[in-house]
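Report on the structure
What follows is the residue order along each chain.
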Amino acid sequence: MKTIYLDNNATTKVAPEVFDEMQPFFCQLYGNPSSMHYFGGQVAKSVAQARNHVAELLGAQSAKEVIFTSCGTESDNTAIIGALRSNPEKRHIITTKVEHPAVLNLCRYLRKREGYRITYLTVDQKGHLDLNELKSAITDDTAIVSIMHANNETGVLFPLGDITQIVKEKGVVFHTDAVQSVGKIPINLQKIPIDLLSLSGHKLHAPKGVGALYIREGTKLAPLLIGGHQEFGQRGGTENVPSIIGLGKACQLALQYLEDERNRVKSLRDKLENHILQQVSNAKVNGDPLNRLPNTSNISFEFIEGEAILLLLSDQGIAASSGSACTSGSLEPSHVLRAMGVSFTYTHGSIRFSLSRYTTEKEINTVTEALIPIVEQLRTISPFGPKNNPQKV
Ligand code: PLP
């Protein structure tokens, strides 16, 4: 069976160019980059080059502002815990209700175990923040504001420029979880003075198990992993060299593919959405249709379960995701859609399609052809469906 992968916000295929670039670092160039000898020096040079590629994609002033980590979650934890530890007298954190669990569950932990006070900013029906709410939430006790760039479920983008300005005017450290946006849309850290930014390799065609944290020069940040002097003393532990090399190559490629993402990928996403919305009643796009990632579409089908759609798509070799089960393995409705006030009957029928540079027009046509009968079939058997509840239509 031919497979179609539209779950790229969950993880991506390693780009063949990335894989090729990594290969020599397993059995030939296996030196420790900290070693003084030739084997080490050669590898250290390649790690430095990878760091340059990451810095370039972010528009960072210097590659020294980039440290490598093991994943987006580690980057988020290092940023938030590191900022708190280096400013222990401040006890307040601001974040949003729609963050990834890497931030949300950390904040819950910090409140429960360490007594931090957390403000969770709300979002409106399109998934947008009220920047006045942010302004008035910041106090003299605020240690860090952590607000994501792009939402992983809906793709909705928060206005990083405006947010950074508000937070920096109050002299507070600003962290953004940019795990979903880096490599999909341009970002320029020389224009937007964000203090800390997280990214993850496996979301942009590098392997799993590698990420990076941007730390603006001068930002006080206690390390999370204390050990050797690696990563400028910000993260102890011998570097995961092959994956770091892969991440560097993936960032170099992402820069080249930004245009493709903005045009071709976006138009395929729009085609998919338009087809579905034209042919299926009681379906709607969740989140601001204009201000979101070009690859992401979160669509709700009223009266049916998203998981049922997913399983039937999966039977035909099509991989997508539902808001509920994707990260937690639970069937709780999506915290993001609930925060947006999406009604119960729509929340349960949500599906996320996330495209990539490898998605083709033919695949999009196949998905629409498969999806429409699936929705019709499920609605005829759903106890909540229009047939059984005619007053709902
Ligand atoms: N932040 C966001 C917005 C994400 O979408 C994810 C992964 O889905 C993460 C953080 C966690 O990244 P990782 O899987 O690399 O730990």
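Overview of the overall build of the protein
Per the secondary structure count, the protein includes 13 helices and 13 strands. Computed over C-alpha atoms, the radius of gyration of the protein comes to 22 Å, within 12% of the 21 Å expected from 2.2 N^0.38 for 393 residues, which places it in the range of a compact globule. Dimensions of the protein, computed from C-alpha atoms along their principal axes, come out at roughly 75 × 50 × 35 Å. Buried positions account for 58% of the 393 residues belonging to the protein. Within the protein, contacts between residues separated by at least 24 positions form 74% of all contacts whose residues are at least 6 apart in sequence.

Looking at the domain arrangement of the protein
In terms of domains, the protein is made up of domain 1 (4–10 + 258–381) and domain 2 (16–254). Each of domain 1 and domain 2 has a C-alpha centre, and these two points are 28 Å apart. Here domain 1 packs against domain 2, burying approximately 2,600 Å² in sum over the two surfaces, 55% of which is carbon and sulfur. The interface formed by domain 1 and domain 2 includes zero salt bridges. Where domain 1 meets domain 2, there are 14 residue pairs in polar contact (both at pLDDT 80 or more).

Considering the site of the ligand
Neighbouring the ligand are 13 residues, the closest being Gly 72, Thr 73, Asp 177, Ser 200 and Lys 203. A distance of 2.6 Å is found between an oxygen atom of the ligand and a side-chain nitrogen or oxygen belonging to Thr 73. Side-chain polar atom of His 100 to an oxygen atom of the ligand: 3.3 Å apart, as the coordinates give it. Coverage of the ligand by the protein chains reaches 89% of its 390 Å² of free accessible surface. Counted by class, the shell around the ligand contains three nonpolar, seven polar and three charged residues.

With respect to empty space enclosed by the protein
Applying the stated criterion to the full structure yields two cavities of 30 Å³ or more. Put simply, the largest cavity is a space of about 120 Å³. Together, 14 residues line the largest cavity, and Gly 183, Lys 184, Lys 203, His 205 and Glu 261 are the ones closest to its centre. Of the residues assigned to the lining of the largest cavity, the class counts are four nonpolar, six polar and four charged. Among the domains, domain 1 (4–10 + 258–381) and domain 2 (16–254) are the pair contributing at least three residues each to the lining of the largest cavity.

Some thoughts on the nonpolar core
With 61 residues, the main nonpolar core has Val 54, Leu 58, Leu 134, Ile 147, Ile 163, Leu 197 and Leu 247 as its most contacted residues. Top contributing element to this core by residue count: helix α8 (residues 241–279), with eight residues. Contact partners of Leu 197, with chain neighbours within four places excluded, come to Leu 58, His 175, Thr 176, Ala 178, Val 182, Ile 187, Leu 189, Ala 212, Leu 213 and Tyr 214. Among the nonpolar cores identified, the runner-up in size contains 28 residues, and Phe 301, Ile 318, Phe 353 and Leu 378 belong to it.

Section: the sheet that holds strand β10 (residues 296–301)
The pairing of strands in a sheet happens through backbone hydrogen bonds and is either parallel or antiparallel. As summarised here, the arrangement of the four strands in space is β9-β10-β13-β12, forming an open sheet in which the pairing is antiparallel. Each edge of the open sheet is held by one strand with a lone partner, namely β9 (283–285) and β12 (321–322). For β9 and β10, the ladder comprises three bridges, and the chain directions are antiparallel. Directly across from Ala 283, in β10, lies its bridge partner Phe 301. Along the sheet, α8 makes contact with β9, β10 and β13 (350–354), crossing β10 at roughly 10 degrees.

Focus on the sheet that holds strand β6 (residues 173–177)
Spatial strand order, β2-β8-β7-β6-β5-β3-β4: seven strands in an open sheet with mixed pairing. The two strands at the open ends of the sheet, each matched to only one other strand, are β2 (66–69) and β4 (117–121). Sheet twist, expressed as the average angle between the axes of neighbouring strands with direction ignored, equals 20 degrees. Along the sheet, helix α7 (residues 160–169) contacts β5 (142–146) and β6; its crossing angle with β6, the most-contacted strand, is approximately 155 degrees.

Brief notes about a positive patch on the surface
On the surface, a cluster of positive charge is contributed by Arg 108, Arg 111, Lys 112 and Arg 113. Mapped onto the elements of the fold, Arg 111 is located in helix α5 (residues 101–114).

Side note on the packing of α8 against helix α13 (residues 361–381)
Across the interface, α8 lies against α13 with an axial gap of 10 Å and an inter-helix angle of 20 degrees. In terms of axis orientation, α8 runs roughly parallel to α13. Classified by chirality, the crossing of α13 by α8 is right-handed. Taken together, the residues of α13 that come into contact with α8 (itself represented by Leu 268, Lys 271, Leu 272, His 275, Ile 276 and Gln 279) are Glu 361, Ile 364, Asn 365, Val 367, Thr 368, Leu 371 and Ile 372. Of the residues contributing to the contact of α8 with α13, the split by class is seven nonpolar, four polar and two charged.

Some words on the side chain of Glu 153
Mapped onto the elements of the fold, Glu 153 is located in the loop between β5 and α7. Of note is the side chain of Glu 153, whose polar atom sits 2.6 Å from the side chain of Ser 334.

What to know about the side chain of Arg 269
Considering the arrangement of structural elements, one finds Arg 269 in helix α8. Setting aside anything within four residues of it in sequence, one finds Arg 269 in contact with Arg 292, Leu 293, Pro 294, Asn 295, Thr 296, Ser 297 and Leu 355.

Analysis parameters
Residues numbered from 1 in each chain as written. Predicted model: local features only at pLDDT ≥ 70, side-chain atom pairs only at ≥ 80, totals over all residues. Heavy atoms only, no water. Helix = DSSP H or I, 4+ residues; strand = E, 2+ residues; numbered from the N terminus. Rg over C-alpha atoms; globule rule 2.2 N^0.38 Å. Buried < 20%, exposed > 50% of the residue type's maximum accessible area, 1.4 Å probe, protein only. Contact = heavy atoms within 4.5 Å. Domains from an automatic or database assignment. Buried area = accessible area lost by both parts, 1.4 Å probe. Salt bridge = Lys/Arg side-chain N within 4 Å of Asp/Glu carboxyl O. Polar contact = N/O pair within 3.5 Å; in protein donor to acceptor, adjacent residues only side chain to side chain. Near = heavy atom within 4 Å. Areas by Shrake-Rupley, 256 points an atom, 1.4 Å probe, with all protein chains shown as cover. Nonpolar A, V, L, I, M, F, W, Y, C, P; charged D, E, K, R; others polar. 1 Å grid on protein atoms, 1.4 Å probe; cavity = no way out; pocket = protein on both sides within 12 Å on 5 of 7 lines; lining within 4 Å. Points joined across faces, edges and corners; volume = space filled by probe spheres on them. Core = buried A, V, L, I, M, F, W, Y, C linked by side-chain atoms within 4.5 Å. Pairing = 2+ DSSP bridges. Axes fitted to C-alpha atoms, helices over the stretch in contact; angles between N-to-C directions. Patch = residues over 30% accessible without salt bridge, like charges linked within 9 Å, V, L, I, M, F, W, Y side chains within 5 Å. Lys, Arg positive; Asp, Glu negative; His and termini not counted. Charge placed at Lys NZ, Arg CZ, Asp CG, Glu CD. Parallel < 35°, antiparallel > 145°, perpendicular 65-115°, else oblique. Left-handed = near helix turned anticlockwise from the far one by under 90°.

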